[in-house]
Amino acid sequence: MDESALVSQAANRDVAAFSALTRLHQSKVRGLLLRLTRGNHALADDLAQETFLQAWRSIAGFRGDSAFATWLYRIAYSRFLMHARKRKEEELGDWDGETPSGEGAVHARLDLERAFAHLSVAERAALTLCFALGLSNSEAAQTLDMPLGTLKSHVLRGREKLKTILGDPS
Amino acid sequence: MNDAQLDALLSRPLPELDTTHFSVAVMEAIARDAARPARVLGWIMVGVLAVVVALACVFGATLAGRDAMAGAPIAIPLALSTLVALLCLSVLQAARE
């Protein structure tokens, strides 16, 4: 069964259809939130659960203007921002200038995740949506509710920071 | 790290996370959310019942006068309290279902 059929069934309060949608999208939503929460698994999963609950409550209002996944990312991002405003996200200190060590694919991923923790929330979200989740710039801008130019500058700044942190030979 | 290497690293898909526990937790949260209006209604009904029975007790005691209660000062309030408790339990059970 294709996703649009599942969405319309879920909009008619079909729990099984919504469960199937949850299974389809949970990994990416949790992955996005994991990046936003700087690797806090428990918090990311709590926020992801709130995201899907919110999606279930308001799925009847989903008009299909964007992909269902994009709509979920938007809810996830707004849940994260609400949480951050409540809890005043603990800021990391400035990056200490050490280049993370490690070789190979696993180390590269670990280094990347550590480096991500040094970016701002908007930079983390913009880079994750545009690269790992494959959204276009305009879709990502819509998801994060920011102008396209602002999104592009977040992507550029984030990339430059990552290059510096991960070690730029040039 | 050059631009191409960074792009390749960033474009890797996010790691797949275990779906079973999370999906179950979401479905449980949805079920709890769906039961919430019934639970709230159940508590409201319990409150209304308690007030009605308390008013009935006061009304009954006023009509009968203190002398009529002298023989069994505890029996009547005890019976009424038990009745209220039973009603509350049945209302809450219905709300849970």
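All figures in this text were calculated on a predicted structure; none of them were measured in a lab.

Basis of the calculations
- Residues numbered from 1 in each chain as written.
- Chains lettered and ligands numbered in written order.
- Predicted model: local features only at pLDDT ≥ 70, side-chain atom pairs only at ≥ 80, totals over all residues.
- pLDDT = per-residue confidence, 0-100.
- Helix = DSSP H or I, 4+ residues; strand = E, 2+ residues; numbered from the N terminus.
- Axes fitted to C-alpha atoms, helices over the stretch in contact; angles between N-to-C directions.
- Parallel < 35°, antiparallel > 145°, perpendicular 65-115°, else oblique.
- Left-handed = near helix turned anticlockwise from the far one by under 90°.
- Contact = placed C-beta atoms within 7 Å.
- Nonpolar A, V, L, I, M, F, W, Y, C, P; charged D, E, K, R; others polar.
- Buried ≥ 20, exposed ≤ 12 C-beta atoms within 10 Å, placed from the backbone.
- Core = buried A, V, L, I, M, F, W, Y, C linked by C-beta atoms within 7 Å.
- Domains from an automatic or database assignment.

Asker: Got a minute to help me understand the confidence of the model for chain B in this structure?
Answerer: Where the model shows low pLDDT, its predicted coordinates should not be examined in detail. All names here are of chain B. Of all residues in chain B, 88% have pLDDT values of 70 or greater, and the mean over the chain is 78. By mean pLDDT, the top-scoring element of chain B is helix α1 (residues 3-11) (85), and the lowest-scoring one is helix α3 (residues 75-96) (74). Predicted as a complex, the structure gets a pTM of 0.74 and an ipTM equal to 0.73.

Asker: Explanation requested: the packing of helix α1 (residues 3-11) of chain A against helix α2 (residues 15-36) of chain A in the structure shown.
Answerer: Relative orientation and spacing of two packed helices are given, respectively, by the angle between their axes and the distance between those axes. Residues and elements named next belong to chain A. Viewed as axis vectors pointing N to C, α1 and α2 meet at an angle of 135 degrees, and their least axial separation amounts to 7 Å. The angle between α1 and α2 places the two elements in the oblique class. Two packed elements cross with a definite hand, and for α1 against α2 that hand is left-handed. Residue-level contacts link Leu6, Val7, Gln9 and Ala10 of α1 to Ala17, Phe18, Ala20 and Leu21 of α2. Considering only residue class, the contact of α1 with α2 consists of 7 nonpolar, 1 polar and no charged.

Asker: What is the right way to read the interface of chain A and chain B from this model?
Answerer: How big an interface is tends to be stated in terms of accessible area lost as the parts join. Chain A puts 26 residues into the contact, and the matching count from chain B is 21 residues. Counting residues per element, the ones that place at least two in the side of chain A that touches chain B are α2, α3 (41-58), α5 (104-116), α6 (121-132) and α8 (148-166) of chain A. Its residues assigned to classes, the side of chain A that touches chain B comprises 11 nonpolar, 8 polar and 7 charged.

Asker: Sorry if this is basic, but what is going on with the environment of A:Leu135 here?
Answerer: All names here are of chain A. Along the polypeptide, Leu135 turns up in the loop between α6 and α7 (137-144). Given 22 C-beta atoms within a 10 Å radius, Leu135 is considered buried. In this structure, the C-alpha to C-alpha distance between Leu135 and Ala69, residues 66 residues apart in sequence, is 9.8 Å. Apart from residues no more than four positions distant in its own chain, Leu135 is found in contact with Thr70, Leu129, Cys130, Ala140 and Thr143.

Asker: Quick question: what am I supposed to make of the nonpolar core here?
Answerer: Soluble globular proteins: nonpolar side chains tend toward being buried together. One finds A:Leu33, A:Tyr73, A:Ala76, A:Ala126, A:Leu129, A:Cys130 and A:Ala140 to be the most contacted residues of the largest nonpolar core, which totals 37 residues. Elements with a minimum of two residues in this core: α2, α3, α4 (68-87), α6, α7 and α8 of chain A together with α2 (20-69) of chain B. Both domain 1 (1-90) and domain 2 (97-170) of chain A contribute no fewer than three residues apiece to this core. Non-local contacts of A:Leu33, meaning those with residues more than four positions away in its chain, are made with A:Ala44, A:Leu47, A:Ala48, A:Ala76 and A:Phe80. A:Leu112, A:Ala115, A:Leu119 and A:Ile165 belong to the second-largest nonpolar core, a separate cluster that totals 6 residues.

Asker: Help me understand unusual backbone geometry, please; the structure alone is not making it clear to me.
Answerer: Backbone phi values are negative for most residues with the exception of glycine, while trans is the configuration of most peptide bonds. Residues and elements named next belong to chain A. Phi is positive for Arg13, close to 65 degrees, though the residue is something other than glycine. You can see Arg13 is positioned in the loop between α1 and α2. A count of 12 C-beta atoms within 10 Å places Arg13 in the exposed class. Of note in this structure, Asp145 is not a glycine but carries a positive phi near 55 degrees. Examined against the element boundaries, Asp145 turns out to sit in the loop between α7 and α8.

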